[in-house]
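Each chain, written out:
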Amino acid sequence: GLLVVGSVNADLVVRVPRHPRPGETVLGGDLAVHPGGKGANQAVAAARLGAQVAFAGRVGSDAHGSMLVDGLRRDGVDVSLVGTEPGPSGVALITVDGRGENAITVSPGANGRLGPDAAEALEPALRAAAVVSLQLEIPHETVAEIMRRCGRAGTRVVLNLSPGPWAAPTDVWRLCDPLVVNEHEALDAAARPGDGTAESALAPVDRARRIMRGTHAVDARPRSLVLTLGAAGAICIDGDGEPAHVPAPAVEAVDTTGAGDAFTGALAWRLACGDSLLDAVRYAVRAGAAAVTAEGAQPSYPTPDRLPLL
Ligand code: ADP
């Protein structure tokens, strides 16, 4: 099965005519509370598609915490590895203005208290999983510790470098199979200190090649790489292989929130099923595309019958 280790947040969303300036107050619409967080989003995306998936993370002892755990359970995610920390759950305070532009403040809350010491209790689950999927909304030391344990256990690791950047230790970087980045995160990941090349001038495929050759440290090379390109789909490189471009199905984009999480959750699940990287990407672009056709993150995640065809 698939194990997702990461963040779970309550997204608090208010529509406003325009964002307040510092010191200013604006009146907005009614508050909407949605389940979110990159880790929980990935787990829900996989579960909707029929995956056997467990989520490991931390919620707070507040009302959001029980709401978030109930939501995951209702979607069929195994929540037996979710712990409760005294204090607040993770929250994203989101205002959306009349032009659809977001301003977001994230309070990690309980996610920030998922320390590296939590990894030991996860050891049996890390060993039992076919794939462990991680993102960066929990402490980086925890991500590193879990990845190293997966490495020792021979469990495949998917790392979504989001939110970036993270110049991970070389041994951690080398465990990524694949490293998943969007175009923005790829810019950071491909940057070489002291290297004068204007990264933004590189075509995505060249940026992908550069990341695979090793970037911020000698030998800091992921085992494989997936670079997502929004409406243009994704590029993947497996080991020493040539880059392959996978187009996304053409859909009408309504709201791209959480598309990357849907993509990565679907990808990690298909890899856990034994798909090749290329086949898993061909499936994941369809999940990502479906996720942009409706408002919000989790509400837009598809069941298999709602996956657009490539
Ligand atoms: P992020 O959400 O992290 O910014 P992307 O924008 O690259 O990442 O989107 C991730 C995936 O979602 C893409 O690889 C693609 O499969 C799908 N996707 C995103 N935007 C669109 C779109 N406008 N049309 C079709 N698919 C899309």
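Calculation rules
- Residues numbered from 1 in each chain as written.
- Predicted model: local features only at pLDDT ≥ 70, side-chain atom pairs only at ≥ 80, totals over all residues.
- Heavy atoms only, no water.
- Helix = DSSP H or I, 4+ residues; strand = E, 2+ residues; numbered from the N terminus.
- Rg over C-alpha atoms; globule rule 2.2 N^0.38 Å.
- Buried < 20%, exposed > 50% of the residue type's maximum accessible area, 1.4 Å probe, protein only.
- Contact = heavy atoms within 4.5 Å.
- Pairing = 2+ DSSP bridges.
- Right-handed = clockwise from strand over helix to strand, strands pointing away.
- Salt bridge = Lys/Arg side-chain N within 4 Å of Asp/Glu carboxyl O.
- Axes fitted to C-alpha atoms, helices over the stretch in contact; angles between N-to-C directions.
- Parallel < 35°, antiparallel > 145°, perpendicular 65-115°, else oblique.
- Left-handed = near helix turned anticlockwise from the far one by under 90°.
- Nonpolar A, V, L, I, M, F, W, Y, C, P; charged D, E, K, R; others polar.
- Near = heavy atom within 4 Å.
- Polar contact = N/O pair within 3.5 Å; in protein donor to acceptor, adjacent residues only side chain to side chain.
- Areas by Shrake-Rupley, 256 points an atom, 1.4 Å probe, with all protein chains shown as cover.

J.: What is the right way to read the overall build of the protein from this model?
T.: Looking only at helices and strands, the protein features 9 helices and 13 strands. Over its C-alpha trace the protein gives a radius of gyration of 19 Å, about what one expects of a compact globule, namely 19 Å for 310 residues. Once the C-alpha set of the protein is aligned to its principal axes, its extents read approximately 55 × 45 × 45 Å. Burial analysis of the protein (310 residues in total) assigns 52% to the buried set. The long-range fraction of contacts in the protein, counting pairs at least 24 apart against all pairs at least 6 apart in sequence, stands at 65%.

J.: Even after reading the chapter, I still don't get the pairing of strand β8 (residues 131-134), so can you show me in this structure?
T.: A two-sided burial pattern is seen for β8, the buried positions comprising Val 131 and Ser 133 on one face and Val 132 and Leu 134 on the other. The pairing of strand β1 (residues 2-5) with β8 spans 4 bridges and is classified as parallel. When the sheet's bridge partners are listed, Leu 2 is paired in β8 with Val 131. Inspection of the sheet shows β8 paired to strand β9 (residues 156-160) by 4 bridges, in the parallel sense. By the bridge assignment for β9, Leu 134 is matched with Leu 159. Handedness of the β8-helix α4 (residues 140-153)-β9 crossover: right-handed.

J.: Which parts of the structure should I look at to understand the pattern of salt bridges?
T.: Pairs can form between side chains of opposite charge whenever their charged atoms are close. Throughout the structure, instances matching the rule amount to 18 salt bridges. For Glu 295, the salt bridge is made with Arg 15, and the minimal N-O distance between the two is 3.5 Å. Here the residue Glu 295 occupies a position in the segment after α9 (277-291), and Arg 15 occupies one in strand β2 (residues 9-15), the gap between them amounting to 280 residues. Classification of Glu 295 as partly exposed rests on a relative accessible area of 47%. As a salt-bridge pair, Arg 282 and Asp 279 come within 3.1 Å of each other at their nearest N and O atoms. One end of the pair, Arg 282, and the other, Asp 279, are both in helix α9, 3 residues apart, so they sit about a helical turn from each other.

J.: Explanation requested: the packing of helix α3 (residues 119-128) against α4 in the structure shown.
T.: Between two packed helices, the angle of one axis relative to the other and the distance separating the axes together describe the packing. As a packed pair, α3 and α4 sit with axes 10 Å apart at the nearest point and diverge in direction by 40 degrees. In terms of orientation, α3 lies oblique with respect to α4. Relative to α4, the crossing made by α3 is right-handed. When α3 is examined against α4, the residues Ala 119, Glu 120, Leu 122, Glu 123, Leu 126 and Arg 127 are found in contact with a partner set consisting of Glu 145, Ile 146, Arg 149, Cys 150 and Ala 153. When its residues are assigned to classes, the contact of α3 with α4 shows 6 nonpolar, no polar and 5 charged.

J.: Sorry, what's going on with the site of the ligand here?
T.: Taken together, 17 residues sit near the ligand, with Thr 228, Gly 230, Gly 233, Gly 260 and Val 285 positioned nearest. Take Val 285: an N or O atom from its main chain is 3.2 Å from an oxygen atom of the ligand. Surface burial for the ligand is 81%, taken as the share of its 550 Å² of free accessible area covered by protein chains. At the level of elements, α8 (259-272) and α9 are the ones that each hand at least two residues to the shell around the ligand. Classifying every residue of the shell around the ligand gives 11 nonpolar, 6 polar and no charged.

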